[in-house]
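The residues making up each chain are set out below.
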Amino acid sequence: MKKMYFKKLGLLLTICLFSTLIGSTQTAKYYVSTTGSNSNNGQSATPFLTIGQAMTTAVNGDTIVVNPGTYRETIDFAGKRIVLTSTYMFNQDTNLIASTKLDLQDAGVNGGVYSTINNYNFKKIYGFTLYNSPKIAINAIRNITIEKCVLRNNGYGNSTDNVLLFLLASAFSNQQSVLKDCDIYSNRNNFLIINYDRNSVGRPSEVINTKIHHNTLGTNTDGTAIRLGDGPINI
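This one's a predicted model, so the numbers in the text were calculated from it and none came from an experiment.

Colleague: Could you give an account of the overall build of the chain, naming the residues involved and the relevant values?
Modeller: Within the chain one finds 3 helices and 19 strands. Taken over 235 residues, the chain has a buried fraction of 45%. Once local pairs closer than 6 in sequence are excluded, the contacts in the chain between residues at least 24 apart make up 68%. Counting only carbon and sulfur atoms, one obtains 54% of the accessible surface of the chain, whose full area is about 11600 Å².

Colleague: Can you break down the environment of valine 178 residue by residue, with the values?
Modeller: When you line up the elements, valine 178 lands in strand β14 (residues 178-180). If we ignore the near neighbours within four places in the chain, the residues touching valine 178 are Ile144, Thr145, Ile146, Glu206 and Ile208.

Colleague: Lay out the packing of aromatic side chains in plain terms, naming residues and giving numbers.
Modeller: Under the definition given, this model contains 2 aromatic pairs. A cation over a ring is seen here: arginine 152 above tyrosine 131, with NZ or CZ 4.9 Å from the ring centre.

Colleague: Let's hear about the sheet that holds strand β6 (residues 100-103): which residues, and what values?
Modeller: Across the sheet, which stays open at both edges, the 6 strands sit in the order β3-β6-β9-β12-β15-β18 with parallel pairing between neighbours. Both outer strands of the open sheet, β3 (69-72) and β18 (211-213), are each paired with one neighbouring strand and no more. Between one strand axis and the next, the sheet turns through 15 degrees on average, direction left out of account. Sheet analysis places strand β12 (residues 150-152) next to strand β15 (residues 183-185), joined by 3 bridges and oriented parallel. The partner of arginine 152 across the bridge, within β15, is tyrosine 185.

Colleague: Tell me about the pairing of strand β8 (residues 123-126), residues and numbers included.
Modeller: Regular strands have side chains that alternate between both faces of the sheet. By the alternation rule, side chains of β8 split into Lys123 and Ile125 and Lys124 and Tyr126, which are all buried. Looking at chain direction, strand β5 (residues 83-86) and β8 are connected through 3 bridges and run parallel. Bridging across to β8, valine 83 finds its partner in lysine 124. Bridge count between β8 and strand β11 (residues 144-147): 4 bridges; the pairing is parallel. Bridge assignment links lysine 123 to a residue of β11, and that residue is isoleucine 144.

Colleague: So, unusual backbone geometry: which residues are in play, and what are the values?
Modeller: Look at aspartate 181: it is not a glycine, yet its phi comes out positive at around 55 degrees. Non-glycine residue histidine 214 carries a positive phi angle of around 55 degrees. Mapped onto the elements of the fold, histidine 214 is located in the loop between β18 and β19 (224-227). Given the relative accessible area of 69%, histidine 214 is considered exposed.

Colleague: Describe the pattern of salt bridges, with residues and values.
Modeller: This model, assessed by the stated rule, comprises 3 salt bridges. Between aspartate 181 and lysine 148 there is a salt bridge whose closest N-O contact spans 3.9 Å. Of the two residues, aspartate 181 sits in the loop between β14 and β15 while lysine 148 sits in the loop between β11 and β12, which places them 33 residues apart along the sequence.

Colleague: How would you sum up the environment of valine 66? Please name residues and give values.
Modeller: Its place among the elements puts valine 66 in strand β2 (residues 63-66). Note on valine 66: relative accessible area 0%, which makes it buried. Taking C-alpha positions, valine 66 is 7.6 Å from leucine 84, a pair spaced 18 residues apart along the chain.

Reading the values: the criteria
Residues numbered from 1 in each chain as written. Predicted model: local features only at pLDDT ≥ 70, side-chain atom pairs only at ≥ 80, totals over all residues. Heavy atoms only, no water. Helix = DSSP H or I, 4+ residues; strand = E, 2+ residues; numbered from the N terminus. Buried < 20%, exposed > 50% of the residue type's maximum accessible area, 1.4 Å probe, protein only. Contact = heavy atoms within 4.5 Å. Areas by Shrake-Rupley, 256 points an atom, 1.4 Å probe, with all protein chains shown as cover. Phe/Tyr/Trp six-rings, centres within 6.5 Å; stacked < 30°, edge-to-face > 60°. Lys NZ or Arg CZ within 6 Å of the ring centre and 35° of its normal. Pairing = 2+ DSSP bridges. Axes fitted to C-alpha atoms, helices over the stretch in contact; angles between N-to-C directions. Salt bridge = Lys/Arg side-chain N within 4 Å of Asp/Glu carboxyl O.

Structure, rendered in structure tokens:
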């Protein structure tokens, strides 16, 4: 009788452990809408109001889905492995890129989109229009993919630290930062793209199938579209 009891107990513990392991690998989607509330739980029917609240709630592996609208805020990935996307990811209508806008006019020293924790977790921004950033629109985020985005009307002309995109390359990892299928125009920066922090071990950043046109590169003599910085950038 005791043997049977311990067998059943062992089986129950095994099932519980397996369920815990499966549950720990599950990922979540959180939703954001201009009609939402930060007291909501971030589900599709009860979305958050701000991307910042979704970022605070999300953990590694989660996806944040942003509904069409204009969101005036700065965004901190905080080192999390997160995909931040518009609904374009699920409905390939390019109007959704134009209508899902990140207004970065409040960007400070950290930039408009940044990460206060520096690590190699994969991060992705997909299907947005980013505009109005007075300084760095996307700043020094390692292992980030910026895809299907429009970057327009950023920058303020002449300043030595006036950069649109600051890509951090891979110093000691085979991961890399990627700018893919984007449209960059009507920006007023001294540098549009700076590639930085790569050594002989790491992989260079990549710019793939991206249009860069009709930008003003300030009045400084060092105004440059793409600055290689610490090494090559694949284009």
